Amino acid sequence: MRPLLACAALLVAGASLLPAQAMRSYTTSRPARAGDPALLRTTLDFGAGRVVLRAGATDQLYRMQLRYDAERFAPIHAYEPAVGALHLGLEQQGRGGIRVTSRAQLEQVARFEFAPHVPLELTANLGASEATLDLGDLSIAALMVRSGATRGIVDFSRPTRGECRGATFAVGATELSVMHLANAGCAELRVEGGVGRAILDFSGTWRRSPTLSVALAMGTLTLRVPRGTGVRIRGDKVLTSIAGEGLARAGDVWSTADFATATRTVDVELKTSVAGVELDWID
Amino acid sequence: MRAADRTCRTAILVVALALLGARPVHAASGAAVEELALRIRSVLPVPLFGVPLAPQAVAQADPDGPTIDPGELDNPAALERDLRAALGRPRSATRLTVTDGIARLGRYSIGSEEVHRGHVVVLEGNADIHGRLEGNLVALDGDILVHPGAVITGDVLTIGGHVRNLGGTIEGATQEMDATPLSTEATAPLGTVVATRAAGLLGVMFTLIVVGFGLVTFGRPNLEIVSDTVTSSFGRSFLVGVLGQVLLLPTFGALVVGLVLTVAGALLVPFAVVVFALLAIVAALGGTIAVAHAMGETITRRRMAHGVMLSPNAYRYVLTGLSGLGSVWLAWVAFGWVPFAGGVAFGIATLASWVAVSAGFGAALLSRGGIREEFSGRMLPTAMMTDEYLWATPQFGVPAVKRPPKPDATDQR
């Protein structure tokens, strides 16, 4: 009986030391003005929770809505108009520990909106967030998405504005789907990964034939390409399996027969260790 | 009647116009509606919204005292911590140095012709901006109201409030952070939490005991009939109680609608509302005390059966029963702070109390407030009125008078 009582007392005492849950909400926005910087270098940090990003109203330069665990995180909002730097999101606080509550109660949520007409150099550090980034209609000059341990969707649902120099997707142990990449019109695409899975969907309005650089350790890359697009996969690879209808191998190069003549092409350069590349055609 | 109605409408219109001042109202404008709501709130009696802090300037702190820089609003959480730490007790003792700005306690405003240069920090009050503010504005536990024509050249931040742009211009960023969610209870020491809850429970029990003793003193027959109804028809009482709770609001609605539809009845609506509410409260409260009475009677009689010498009276029954009802909350008082287990204890206590209240409410309804004895087990059912019963039990006349008295409890033993 005594050991039981002692265990109960320990449990009770231990539970009392747990931090109380404290969800807070925070909203910030800034109106768009004539003197806004020509390029907004934006960094988003959001380690855990659910993230939604999309184009907002034209009269607001940006808007961020957060619901966050105040015991562990604090909101970040830093804007330097002189250099056009913007930092939004959450930063981790010192306190940690086990949370005795349901996931729904502690789910952090972030919603970001940006003015469609302002060119963005966007770096999104999503950590273990479940992200849905709808970049359609935004002016994406450059994009960097780092995804950690959960699923993420980057969707160019509508054609973007302006010129996109490049987009980099760094995948951890997660699945990242990039949809309607043709709408992005990026000149260079780069996928870096550990043991995750990346899906690149090239549907949409074709604006430019991109070059794709893939550096995977043990991941899987799926390319979904509209039928009629010329595809070439080449590069330095170790234990890589490449599979796709219509791909013909010539040495270390796999390509479709019409690659040289096709008006739309996807040129893939592989740097992989143990990885798989699949090619799916979209009709 | 029509004349009175017209007078009433006119009065409402006059009041609305007075609230709005001379400004035109655009019904579709959200800002106008918001402004109207704010004005209505501002003319309502103060006790409805708490006593506001008297507007006053905050003196600068000592060189080593609290200092904040509203020029950098990048970390609102840290700013909130600093501001709350700076708040003095009493509030007039607050000292705070604001870099390139001022701090105010209570309501603050900038008139339409005024220009303020520098940052402003408003503590525990609203900031009404009609004019021009050249700097950042921070409000702790208050709203920021940017009225039409107002201009704020910097950023605005509210912590525990809202930014309401009623038609002005905010050139910088707008930030809103809700109030710190940690309750006083969560931050208080454990002993204080338990003591506070125990005091609350004692207070409620004391109130119920006083009401119960009053009922015993002034309405004992009715209380006993309701109590007997609970004892002999508990299931029926509980079901009727639950049904009564479900039908309470529809019945109230039907009553009000029925009265409004009749010309004379419309005048009685206020009285009917009060009487209905009172009846419902009396039925629930009296029923609960009747449940306690029934519980106390059962407990007392069981103890007496075990040889404990007690005085069986209604006061003891009520006291014993209410103690029993209160005891289900003891686990929550003692362990309510424990994650999960505290919630379970609270849930069990709430459920037990609800069952008791429902059964009492139902018994009060069944017995028509302690008038009807049909379900109290006091009346013999017709089926028991047999010839044998009537023959063996003289009811009238000399045989009845000569019937030997029942042996008392001592003889039975």
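In this text, all values refer to a predicted model and were calculated from it rather than measured experimentally.

**Student:** Could you clarify how one ought to interpret the overall build of chain A in this entry?
**Tutor:** Secondary structure summary: chain A contains 1 helix and 22 strands in total. Looking at chain A residue by residue over its 283 residues, the buried ones come to 39%. In chain A, the proportion of contacts linking residues at least 24 apart, taken out of those at least 6 apart, comes to 62%.

**Student:** Whenever I open this one, the overall build of chain B confuses me. Can you help?
**Tutor:** Counting secondary structure elements, chain B contains 13 helices and 16 strands. Every one of the 413 residues in chain B was classed for burial, and the buried ones make up 29%. In chain B, once contacts between residues fewer than 6 apart in sequence are set aside, the share between residues at least 24 apart is 49%.

**Student:** Help me out: how do you make sense of the sheet that holds strand E5 (residues 108-110) of chain B in this one?
**Tutor:** In any sheet, the strands associate via hydrogen bonds between backbone groups, in a parallel or an antiparallel arrangement. Residues and elements named next belong to chain B. Ordered by their spatial adjacency, 4 strands build an open sheet running E5-E8-E11-E14, and the pairing between neighbours is parallel. Of all strands in the sheet, those bounded by a partner on one side alone are E5 and strand E14 (163-165). Averaged over all pairs of adjacent strands, the angle between their axes in this sheet comes to 10°, without regard to strand direction. As paired strands, E5 and strand E8 (residues 127-129) are joined by 3 bridges and run parallel to one another. The residue of E8 that forms the bridge with isoleucine 110 is isoleucine 129.

**Student:** What am I meant to see in the nonpolar core here?
**Tutor:** Soluble globular proteins tend to pack their nonpolar side chains together in the buried interior. By size, the foremost hydrophobic cluster in this structure holds 106 residues, and its most contacted members are Ile140(A), Phe169(A), Ala127(B) and Leu137(B). Per element, the largest residue contribution to this core is 6 residues, and it comes from strand E8 (residues 119-134) of chain A. Phe169(A) has contacts with Val145(A), Leu176(A), Val178(A), Val191(A) and Ala198(A), leaving out every residue within four places of it along the chain. If you look at the next biggest cluster of nonpolar residues, it comprises 26 residues, including Val230(B), Tyr317(B), Leu322(B) and Phe375(B).

**Student:** Honestly, the sheet that holds strand E6 (residues 115-117) of chain B in this entry has me stumped. Any pointers?
**Tutor:** Taken in spatial order, the 4 strands make up an open sheet running E6-E9-E12-E15 (chain B), and their pairing is parallel. The open sheet has two edge strands with one neighbour each: E6 and strand E15 (169-170) of chain B.

**Student:** Any chance you could explain the packing of helix H6 (residues 234-261) of chain B against helix H7 (residues 265-305) of chain B here in plain terms?
**Tutor:** Two quantities define a packed helix pair, namely the angle between the helix axes and the distance between the axes. Residues and elements named next belong to chain B. At a closest axis distance of 8 Å, the pairing of H6 and H7 adopts a crossing angle of 160°. Judged by the angle between their axes, H6 and H7 are roughly antiparallel. The handedness of the crossing between H6 and H7 is right-handed. Of the residues in H7, those touching H6 at Leu248, Phe252, Leu255, Val256, Gly258, Leu259 and Val260 are Gly265, Ala266, Leu268, Val269, Ala272, Val273, Phe276 and Ala280. Its residues assigned to classes, the contact of H6 with H7 shows 13 nonpolar, 2 polar and no charged.

**Student:** Explain the pairing of strand E13 (residues 156-159) of chain B to me, please; I cannot follow it from the model alone.
**Tutor:** Residue and element names in this part refer to chain B. Burial along E13 is two-sided: Val156 and Thr158 and Leu157 and Ile159, pointing in opposite directions, are all buried. Looking at chain direction, strand E10 (residues 137-140) and E13 are connected through 4 bridges and run parallel. Considered in E13, the bridge of leucine 140 is made with isoleucine 159. One ladder, built from 4 bridges, connects E13 with strand E16 (residues 174-177); its direction is parallel. Looking at E16, one finds that valine 156 is bridged to threonine 174.

**Student:** Just checking my understanding: could you explain the packing of helix H5 (residues 190-232) of chain B against H7(B) for this structure?
**Tutor:** Residues and elements named next belong to chain B. At a minimum axis distance of 7 Å, the contact between H5 and H7 shows a crossing angle of 75°. By the angle between their axes, H5 is roughly perpendicular relative to H7. Residues Leu208, Val211, Gly212, Leu215, Leu223, Val226, Ser227, Val230 and Thr231 of H5 form the contact with H7, whose own contacting residues are Leu285, Gly286, Gly287, Ile289, Ala290, Val291, Ala292, His293, Ala294 and Glu297. Looking at the contact of H5 with H7 residue by residue, the class counts come to 12 nonpolar, 6 polar and 1 charged.

Here is what the cut-offs are and how they apply
- Residues numbered from 1 in each chain as written.
- Chains lettered and ligands numbered in written order.
- Predicted model: local features only at pLDDT ≥ 70, side-chain atom pairs only at ≥ 80, totals over all residues.
- Helix = DSSP H or I, 4+ residues; strand = E, 2+ residues; numbered from the N terminus.
- Buried ≥ 20, exposed ≤ 12 C-beta atoms within 10 Å, placed from the backbone.
- Contact = placed C-beta atoms within 7 Å.
- Pairing = 2+ DSSP bridges.
- Axes fitted to C-alpha atoms, helices over the stretch in contact; angles between N-to-C directions.
- Core = buried A, V, L, I, M, F, W, Y, C linked by C-beta atoms within 7 Å.
- Parallel < 35°, antiparallel > 145°, perpendicular 65-115°, else oblique.
- Left-handed = near helix turned anticlockwise from the far one by under 90°.
- Nonpolar A, V, L, I, M, F, W, Y, C, P; charged D, E, K, R; others polar.

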